[in-house]
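# Structural description and commentary
Here's the letter readout for the chains.
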There are 2 protein chains.
Amino acid sequence: MMKLKLKDFDDLRVKPGKAVDLSDHKTDRTHGVPKNPEEAIETLTQKLGVLQENLYAEGRRSLLVVLQGLDASGKDGTVRHVFDHVNPTGIQVISFKQPTTEELRHDFLWRCHNRTPPRGYIGVFNRSHYEDVLVVRVHADKLLAPELRGEGEGAAKEWQRRYRMITAFERILEDAGTRVLKFFLHISKEEQRQRFIARQKDPTKHWKLAEGDFEERKYWDHYQRAYEQMFPATSTKEAPWYIIPSDHKKARDFYIAGILVGILKEMDPQPPKLANPALTRLKFK
Amino acid sequence: MMKLKLKDFDDLRVKPGKAVDLSDHKTDRTHGVPKNPEEAIETLTQKLGVLQENLYAEGRRSLLVVLQGLDASGKDGTVRHVFDHVNPTGIQVISFKQPTTEELRHDFLWRCHNRTPPRGYIGVFNRSHYEDVLVVRVHADKLLAPELRGEGEGAAKEWQRRYRMITAFERILEDAGTRVLKFFLHISKEEQRQRFIARQKDPTKHWKLAEGDFEERKYWDHYQRAYEQMFPATSTKEAPWYIIPSDHKKARDFYIAGILVGILKEMDPQPPKLANPALTRLKFK
């Protein structure tokens, strides 16, 4: 396999401040994906496993991977396939659900900060603090005070305030030694429909069907707008967003694994030297 | 591979109340391990992955795996190899270290209850609440009030009190739908020495060497006694201890994977039926 670098995936990265029109981003793109994606993915995920071992041994820094996407966009599948060879000791996958009563008593970043990866770990947020500018925005009429709904000045200020909080939060993590990478799993509306139908047809997948799937799908365009608004405000040099074409699962896994390997190679974690070199010479009785 | 059942591993289980002499338990035993252990382990860990998916889909029960053993007994390696095919979304590995100041303000079970696996998850405790009747007992002269040290009546009462607390805690988990399995990774003193020497010789493993390794090894016999005392008091029908011969890493992985697959087959988790069967017929637009 060719030597991949982080910059090979740079066309998927959202440049800070640059407007995004999601209809310009093809969901079925496979540009750059090798003919045998399985083999390439296997190589990359093996590398990811080795790099994580070094990150763990080094014990100074961490990596936070944020996964966002609409229902059935493949967040769970990404976790299963991309992190297949990462030692379970060194990874924390957090699936954020509706906030609890306790969590709602705090600012929206509180529960996320509470679950950031410790030094040496990869943390994966399956959904994240971004829900508070996505689902909350789409359903603002049910979830927020009247003055914060709609397109008025109050609402505009509220989203700017939240974007500011998010970038400050991610800046804190960056300064603390946690690299932050954010992936939007971009699928077409038709692909989502096909995946829902596949769940209906397969009894072993019935448990994944929810009343809400039908309901939320009506808000497809609202979600696309909420994502488009959010990207330029929160994609920073230090904590970039990547828009991942995700209609094809192998392409999705290849892109994400490639970017993660790229960033970890840049970080270049190294097992620490022994604080006390005499330990290598002492005799065990 | 032959069809393995949980009872095939029953000679490794500590019968409740039965005295244990660790010198009767061979650390290099490979009885029952197939000629090609890699293949058998691969089959078992694949099965474990499938059974965990069902546990997750079912979403009602969980499994807590406690790993204990002396330094270099292979706790980390067990996690890496046995849970290789478990979806990282459905597993939580908790490595307990020395308690924090905050944790010390609570009873010793508090921090462990805080990290038990949610419904649908496998939880792995790499070290656990058992440290409070093991390392704390071995170093009682430094860690406990004078009346609780040594072999006097006060000390005897203290360990009985802690065993009682532990069995009550595990009984709570059992009643809440969490199966508890406990593994002692049993290695010989010579095998530990060889593994420490291997770490000294391999620069990529130097970071695992610690001053404490040399110090703790002096207490080898004290640890064996503390384990022997603890087994009969805390191995229950519901939450048994298994003493795993661990000099041979493949044998260790085979035994543990086999027991885990056995217990999960007994639990027989099933993805739930759809609460609203109409969802399979609704049309997605």
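Let me begin by describing the structure that accompanies this report.

About the criteria used
- Counting restarts for each chain: residues are numbered from 1 in the order of the written sequence.
- The order in which chains are written sets their letters, starting at A; the order in which ligands are written sets their numbers, starting at 1.
- Totals for whole chains, interfaces and linings use every residue, but because this is a predicted model, local features are given only for residues with pLDDT of at least 70 and side-chain atom pairs only at 80 or more, for both listing and counting.
- In computing side-chain values, all of the structure's heavy atoms are included and hydrogens and water are not.
- By definition, residues are in contact when any of their heavy atoms lie within 4.5 Å.
- Throughout, the accessible surface (probe 1.4 Å) given up by two parts as they are put together, summed over both, is called the buried area.
- The working definition used for a salt bridge is a side-chain nitrogen of Lys or Arg within 4 Å of a carboxyl oxygen of Asp or Glu.
- Residues are grouped as follows: nonpolar covers Ala, Val, Leu, Ile, Met, Phe, Trp, Tyr, Cys and Pro; charged covers Asp, Glu, Lys and Arg; every other residue, Gly included, is treated as polar.
- Angular values range over 0 to 180 degrees, each being the angle between N-to-C directions of two axes fitted as lines to C-alpha atoms, with helices fitted over their stretch in contact.
- Only runs of H or I of at least four residues qualify as helices and only runs of E of at least two qualify as strands under DSSP, and these elements are numbered from the N terminus.
- Between 65 and 115 degrees an angle is taken as roughly perpendicular, under 35 as roughly parallel, over 145 as roughly antiparallel, and anywhere else as oblique.
- Crossing handedness follows the turn of the near helix against the far one: under a right angle anticlockwise gives a left-handed crossing, and clockwise gives a right-handed one.
- Strands were regarded as paired on the criterion that DSSP finds at least two bridges between them.
- Burial classes follow relative accessibility: with a 1.4 Å probe on protein chains only, a residue under 20% of its type's maximum area counts as buried, one over 50% as exposed, and anything between as partly exposed.
- For the least-squares superposition of copies, only C-alpha atoms count, and only for residues with pLDDT at least 70 in both.

Each partner contributes to the interface: chain B provides 36 residues, whereas chain A provides 35 residues. Taking both partners together, chain B and chain A bury about 3,500 Å²; carbon and sulfur atoms supply 62% of that area. For the pair chain B and chain A, the interface holds 0 salt bridges. Split into classes, the residues belonging to the side of chain B that touches chain A amount to 18 nonpolar, 7 polar and 11 charged.

We now examine the packing of helix 2 (residues 75-82) of chain B against helix 11 (residues 249-267) of chain B. All names here are of chain B. Look at helix 2 against helix 11: their axes get within 10 Å of each other, and the N-to-C directions meet at 60°. As summarised for this structure, helix 2 and helix 11 are arranged oblique, according to the angle between their axes. Of the two elements, helix 2 crosses helix 11, and the hand of that crossing is right-handed. Packed against helix 2, whose contacting residues are Gly77, Thr78, His81 and Val82, the element helix 11 presents Arg252, Asp253, Ile256, Ala257 and Leu260 at the interface. When its residues are assigned to classes, the contact of helix 2 with helix 11 shows 4 nonpolar, 3 polar and 2 charged.

In this section: the sheet that holds strand 3 (residues 122-126) of chain A. Residue and element names in this part refer to chain A. Here 5 strands make up an open sheet; going across it, the order is 2-3-1-4-5 and the pairing parallel. Edge positions in the sheet fall to strand 2 (91-95) and strand 5 (241-245), since each of these pairs with one other strand and no more. The mean inter-strand angle of the sheet, taken between neighbouring strand axes irrespective of direction, is 20°. Here strand 4 (residues 178-186) pairs with strand 5 via 5 bridges, running parallel. In the sheet register, Phe184 faces strand 5, and the bridge partner there is Ile243. Here helix 11 (residues 249-267) sits on the sheet and contacts strand 1 (62-69), strand 3, strand 4 and strand 5; the angle it forms with strand 4, its principal contact strand, is near 165°.

Residues and elements named next belong to chain A. Following the sequence through the fold, Ala251 ends up in helix 11. For Ala251, a relative accessible area of 3% corresponds to the buried category. Ala251 sits 213 residues away from Glu38 along the chain, and the two C-alpha atoms are 9.6 Å apart. Among residues more than four places away in sequence, those in contact with Ala251 are Arg29, Thr30 and Val33.

Expressed as a screw transformation, the operator carrying chain B onto chain A has a rotation angle of 180° and an axial translation of 0.0 Å, and the superposed copies differ by an RMSD of 0.0 Å. On the angle and the small slide along the axis, the relation comes out as a two-fold axis. When C-alpha distances to the rotation axis are compared across chain B, the minimum falls at Pro88(B), with a value of 3.2 Å. Of the interface residues in chain B, 97% have counterparts in chain A that sit at the interface too, so the contact is made through matching surfaces.

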